[in-house]
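# Examining the three-dimensional arrangement
This is what each chain is made of:
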Number of protein chains: 2
Amino acid sequence: MNNFIFHSPTEFVFGRNTEQHTGRLARQYGARRALVASGGVSARRSGLLARVCESLTEAGITVCQLHGIKPNPTDTKVYEGIDIARTQQCDFILAIGGGSVIDTAKAIAAGVPYEGDFWDFFSSKATVGMALPVGVVLTIPASGSEASGNSVITRTDGLHKLSLRTQYWLRPKFAVMNPELTFTLPPYQTACGIADMMVHVMERYFSNTTGCELTDRLCEATLKAIIDEAPKVMNNPGDYDARANIMWAGTIAHNGICGTGRDEDWACHFMEHELSAIYDVAHGAGLTAIVPAWLTWMQAHNIDKVEQMARRVMGVTPADVEGAAPGAKPRLVALEGIRRLVNLWQSLGLPTNITQLGIPEPDIDTLVCKLHENKGPTVGAYVKLDHTMTRQIYQSAINYQPQ
Amino acid sequence: MNNFIFHSPTEFVFGRNTEQHTGRLARQYGARRALVASGGVSARRSGLLARVCESLTEAGITVCQLHGIKPNPTDTKVYEGIDIARTQQCDFILAIGGGSVIDTAKAIAAGVPYEGDFWDFFSSKATVGMALPVGVVLTIPASGSEASGNSVITRTDGLHKLSLRTQYWLRPKFAVMNPELTFTLPPYQTACGIADMMVHVMERYFSNTTGCELTDRLCEATLKAIIDEAPKVMNNPGDYDARANIMWAGTIAHNGICGTGRDEDWACHFMEHELSAIYDVAHGAGLTAIVPAWLTWMQAHNIDKVEQMARRVMGVTPADVEGAAPGAKPRLVALEGIRRLVNLWQSLGLPTNITQLGIPEPDIDTLVCKLHENKGPTVGAYVKLDHTMTRQIYQSAINYQPQ
């Protein structure tokens, strides 16, 4: 097990009607003038935006607003938010939404007190050493951004999608999480969120660090719970308990607990970031279009964890590979596990290759080139993938079918 | 799933040599004059006390000291600590040790700024609304107190052992956790710690709250990891990874994550507190003397979770009860699970009834009387146990043997 620091100071306020506490919480964490950031449309339509603003006003907080933040959020809205926050002297950023809004809010929070260009943090030219406090009212469980110190932003000129990771500064002070707010999410968005949180766990699970039995088990537990609850929310969008399990799983998947003491991988996320930066696809769907090809490649190059996941998470048993030659069994177990994962994602309406994602002829040269330009000569850690290997995986993901 | 707040702001600094960061961490959390609390003997002998004090001094922190804190800590040391901290104007309490030292440190931290008697917090006459910051250098993984907002103290006059629970105020600011510091723990103490953390998970696992699949799975994952690693630390006390898994499991078991969204039980802890208050036995051993009888009683009165634990944690399969009548199977599965747990604890050298604990003729009348005097007419939630039921369980625990 590696040495580690685990520090997740966010206060999670979870359950029915919890958004009514937003004003009190923001005040408690020092807000006097809050910049409220959101996508705008659904929060306005549902009345959530009005309810939250009322709660802030009742707590004596002046409200400024920034709306229109889109999926795969860009630097444009970050610059706009920094301007408003500076002009209006905001001392707090409140995100109402999912990962795109929260990540934008974090970038604004880091940018406001910084004299240079906020993009310096994302391009590793500067380190965050101060930020405005951020609060969250979560409406889309997926990104885990409510619990992480990270932010992912796309630069409009040149389509660079980069992530910023901080141990402490960008962790939200509080996150209000009412599962009822997710009842009206479109099915495809619900499914994409489920895929995203599953892959957040997998990026930590696929590790060569030995002696991490506890975190292996915690990863497996979180994946199994998501797999059990996913069909329930798809079949009955108003199933409170299933929505609650999925929402809380999104947090557990990404607050860092599943990665304590081990190297993490993140190759699939980085490979997906290039896809969604160029083609503007939903992040979760981009992931399910990459991961099966990645897993199948890994099965041939570093099988241990692929096989372990098949057994412990996907429930593949010795009976499933009965009769096969003993030497062939681990491979067959691993492939059966991948097949079950593909079936699950397909049953949720998700693509499991790049063609199904709606990109039959992806520009592999550009994807590989930008990936390594942004991330260096190799990506990932479970196997360090150079440009030849990432090209193989992108290529096999175009029309991937389970073996 | 119930509404909940989860807030675990402690910074965990985990791994080899991490105690060298104590001074920097204490300074970061505001220490100028720290009261260092410990048992004294082993921390002095190992040189840890000197190393930590040096780290504090190097960080510019003045060191005051309070040693001689014993297992099942009493109010005497708390009063002594409050006096020293007030006289020496300490602004920080640093605990070096396990649960007894940490719980004493927390009680001192709450007592220093309070005008009345600190015991008011434990007897529910007052609520903690302010406390000095507490830091921890953990040497005994067991209590989970490094991650909790709780403290358990015994009142010397009358043998009341009471627990204080706070959501926020008594959570340590940081916990330094170096598994190497646990290599020299005596085997019995290691085993008692393992039992304590297992029962911390079980107190949360045994719940009637429905729709908590994720926390069920997290509880099961933590228990399974402990069960896998426990024989390794007993057989090879210097196995770093096994020690690290056990140490981190003790934190996960008690930082609250395993209980999010559900009612918790705690009857076994309360029943044990009466035992160790009167007979001064090790808390972990007191638990393993009570829990098998409690589980067997529950198997007859509310079998669901007993059976689920047998299957999902203890690995009981349909093959283990093949041939039995279908209606009898859940009971047989549950009993086989209890048997395996008893075998595990016995293999670690732990007692599994009160006689083995060294108390062949416990004063059941006094135990039952004090339990309900301290905790009210019923204890627990999985089944609310009145004095008739707790008497039955204490009674059957005297010479308990698995069925």
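Procedures and definitions
Residues numbered from 1 in each chain as written. Chains lettered and ligands numbered in written order. Predicted model: local features only at pLDDT ≥ 70, side-chain atom pairs only at ≥ 80, totals over all residues. Heavy atoms only, no water. Least-squares fit on C-alpha atoms with pLDDT ≥ 70 in both. Phe/Tyr/Trp six-rings, centres within 6.5 Å; stacked < 30°, edge-to-face > 60°. Buried < 20%, exposed > 50% of the residue type's maximum accessible area, 1.4 Å probe, protein only. Helix = DSSP H or I, 4+ residues; strand = E, 2+ residues; numbered from the N terminus. Contact = heavy atoms within 4.5 Å. Buried area = accessible area lost by both parts, 1.4 Å probe. Salt bridge = Lys/Arg side-chain N within 4 Å of Asp/Glu carboxyl O. Polar contact = N/O pair within 3.5 Å; in protein donor to acceptor, adjacent residues only side chain to side chain. Pairing = 2+ DSSP bridges.

## Observations regarding the relation of the copies chain A and chain B
With an RMSD of 0.0 Å, the fit of chain A onto chain B corresponds to turning through 180° and sliding 0.0 Å along the axis. The relationship between the two copies is best expressed as a two-fold rotation axis. By C-alpha distance to the rotation axis, the residue of chain A lying nearest is Pro9 of chain A, at 1.9 Å.

## Looking at the packing of aromatic side chains
If you walk through the whole model with that rule in mind, you get 36 aromatic pairs over all chains. Aromatic side chains Phe118 of chain A and Phe122 of chain A sit 5.7 Å apart centroid to centroid with 80° between the ring planes, which places their arrangement in the edge-to-face category. A single burial state applies to Phe118 of chain A and to Phe122 of chain A, both of which are buried. An angle of 65° between the planes, with centres 4.9 Å apart, marks the rings of Trp248 of chain A and Phe4 of chain B as edge-to-face. Residue Trp248 of chain A is located in helix α9 (residues 240–252), and its partner Phe4 of chain B is located in strand β1 (residues 4–14); the two belong to separate chains.

## Some thoughts on the interface of chain A and chain B
Taken residue by residue, the interface counts 39 residues in chain A and 39 residues in chain B. Surface buried jointly by chain A and chain B totals about 3,500 Å² across both partners, of which 59% is contributed by carbon and sulfur atoms. Looking only at chain A, the three residues that lose the most surface to chain B are Met1, Leu214 and Trp248 of chain A, adding up to 19% of its buried area. Counting the contacts that link chain A with chain B gives two salt bridges. A salt bridge links Asp228 of chain B to Arg217 of chain A, with the shortest nitrogen-to-oxygen separation between them at 3.3 Å. Taken together, the connections running from chain A to chain B amount to 20 residue pairs in polar contact (both at pLDDT 80 or more). Put simply, the parts of the chain that give the side of chain A that touches chain B at least two residues each are β1 (4–14), α8 (213–235) and α9 of chain A.

## As for unusual backbone geometry
Residue and element names in this part refer to chain A. The residue Gln89 is not glycine, and still its phi comes out positive at about 55°. Looking at the element boundaries, Gln89 is found in the loop between α4 (75–87) and β4 (92–97). What makes Gln89 exposed here is its relative accessible area of 61%. Despite not being glycine, Ser124 has its phi angle at roughly 65°, a positive value. The topology assignment puts Ser124 in the loop between α6 (119–122) and β5 (134–138).

## Overview of the pairing of β1 of chain B
Two faces belong to every sheet, and in a regular strand the side chains alternate between them. With 10 of 11 residues buried, β1 of chain B lies mostly within the body of the structure. Direction of pairing for β1 of chain A relative to β1 of chain B: antiparallel, over a ladder of seven bridges. Bridge pairing in β1 of chain B links Phe14 of chain A to Phe4 of chain B. Two elements, β1 of chain B and strand β8 (residues 174–177) of chain B, share four bridges in a ladder whose sense is parallel. Note that in β8 of chain B the partner of Phe14 of chain B across the bridge is Met177 of chain B.

## Brief notes about the pattern of salt bridges
Overall, the coordinates contain 38 salt bridges over all chains when judged by the stated rule. Ionic pairing is found between Lys305 of chain A and Asp216 of chain A, a salt bridge with its closest N-O pair at 3.1 Å. Of this pair, Lys305 of chain A sits in helix α12 (residues 304–312) while Asp216 of chain A sits in helix α8; the two residues are 89 residues apart in sequence, bridging distant segments of the chain. The buried category is assigned to Asp216 of chain A, whose relative accessible area is 7%. Note that Glu180 of chain B and Arg16 of chain B form a salt bridge whose closest N and O atoms lie 3.3 Å from each other. Here Glu180 of chain B is found in the loop between β8 and α7 (187–205), whereas its partner Arg16 of chain B is found in the loop between β1 and α1 (22–28), with 164 residues between them in sequence. A relative accessible area of 27% means that Glu180 of chain B is categorised as partly exposed. A residue is classified by how much of its surface remains accessible, and Arg16 of chain B, at 39% relative accessible area, is partly exposed. Via salt bridges that share partners, Glu213, Arg217, Glu220 and Arg312 of chain A together with Asp228 of chain B belong to a single interconnected network.

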